[in-house]
Amino acid sequence: MNDELFTKGWVPKLLLIVIFLLMSCRQSLQAKSINDFQQLEANIVNKSLAQLSAGDMDPITKLRALCLSRGATGINGLGRCIRNMDDDGSKALNEYEFTKGIKECGLDVSNEEIKEMFRSFDEDGSGSINMTEFLLKLRPPMSQARLAMIDKAFSKMDKTGDGVITLEDLKNVYTAREHPKFKSGEKTEDEILTDFLHNFEGGRGNLDGKVTKEEFINYYATISASIDNDEYFEFMMKKAYALE
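Residues numbered from 1 in each chain as written. Predicted model: local features only at pLDDT ≥ 70, side-chain atom pairs only at ≥ 80, totals over all residues. Heavy atoms only, no water.

Asks: Would you mind going over the pattern of salt bridges with me for this structure?
Replies: Pairing between side chains of opposite charge can happen when the charged atoms of each approach one another. For the coordinates displayed, the defined rule picks out eleven salt bridges. With a shortest N-O distance of 3.2 Å, Glu95 and Lys115 are connected by a salt bridge. With a gap of 20 residues between them, Glu95 in helix H6 (residues 95–104) and Lys115 in helix H7 (residues 111–121) connect regions that are remote in the sequence. On the basis of relative accessible area, Glu95 is assigned to the partly exposed category, the value being 29%. Among the salt bridges present, the one from Asp195 reaches Lys187, with a minimum N-O distance of 2.3 Å. Assessed through its relative accessible area of 29%, Asp195 is described here as partly exposed. Under the relative-accessibility criterion, Lys187 is labelled partly exposed at 25%. By sharing partners, the salt bridges in this structure join Glu168, Lys171 and Asp190 into a single network. (Salt bridge = Lys/Arg side-chain N within 4 Å of Asp/Glu carboxyl O. Helix = DSSP H or I, 4+ residues; strand = E, 2+ residues; numbered from the N terminus. Buried < 20%, exposed > 50% of the residue type's maximum accessible area, 1.4 Å probe, protein only.)

Here you go:
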């Protein structure tokens, strides 16, 4: 069935829609689609910058705004910096590791603000922060309807069902042979699909070409923050991933 779809040209078109949503091949898309996506990201960046300028935020809200001011992969970028600081592999951070991660990510906060942020996340006063709970609190809240739609999209991409989207998963869903850079010989199909995966991973840290469900949700939590209407968010996801 996939071969038949490739022949008819539907899968390449679907790939272009998805890549538009994730910023991986803007030059090959219609100007209106590019503008729509750029506007979504610009909205959340501008909103976050306005929040930061206004001040008077609790520590968690400020850290979230700092991440969102960096665009769609801001939270994932911080998540990777934080995880890299987990020297003992405990999946928990003490204050030193947390401080080092925030500074490594280059966020504009003072030492005192970092201490206040740590205390806000360390609710039980144990002196450590569970990294999964940290990211759950950091990302913008979403309705169950939006989470269900994101879960559906992830399941479609994760063909092996192992909880990670890899290059091999993508090859079973999409083709990049219609991409302008493939046609020109500038990039191989593997390189184009790997670039696609990197969009979820943030601009810092080790880009391993493997997208976890956490990274996928964090990415769309940022996009979701710029969309007020649940119905529009659902429409956008259905269009991008050809969901029923």
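Asks: Explanation requested: the packing of helix H4 (residues 59–68) against H7 in the structure shown.
Replies: What describes two packed helices is the angle between their axes and the distance between those same axes. Axis separation between H4 and H7 bottoms out at 8 Å; the angle between their running directions is 110°. As summarised for this structure, H4 and H7 are arranged roughly perpendicular, according to the angle between their axes. Here the hand of the crossing between H4 and H7 comes out left-handed. Along the contact surface, H4 presents Pro59, Ile60, Lys62, Leu63 and Leu66, while H7 presents Glu113, Glu116, Met117, Ser120 and Phe121. In terms of residue class, the contact of H4 with H7 is built from six nonpolar, one polar and three charged. (Axes fitted to C-alpha atoms, helices over the stretch in contact; angles between N-to-C directions. Parallel < 35°, antiparallel > 145°, perpendicular 65-115°, else oblique. Left-handed = near helix turned anticlockwise from the far one by under 90°. Contact = heavy atoms within 4.5 Å. Nonpolar A, V, L, I, M, F, W, Y, C, P; charged D, E, K, R; others polar.)

Asks: Mind showing me how you'd approach the layout of surface pockets here?
Replies: Using a probe with the size of a water molecule, rolled over the atoms, empty space left in the structure can be pinpointed. The space that makes up the second largest pocket amounts to roughly 210 Å³. For the second largest pocket, the lining is made up of 14 residues, of which Lys47, Arg64, Leu68, Pro140 and Ala225 are closest to its centre. Those elements giving two or more residues to the lining of the second largest pocket turn out to be helix H3 (31–54) and H4. Along the lines of polarity and charge, the residues of the lining of the second largest pocket split into seven nonpolar, four polar and three charged. (1 Å grid on protein atoms, 1.4 Å probe; cavity = no way out; pocket = protein on both sides within 12 Å on 5 of 7 lines; lining within 4 Å. Points joined across faces, edges and corners; volume = space filled by probe spheres on them.)

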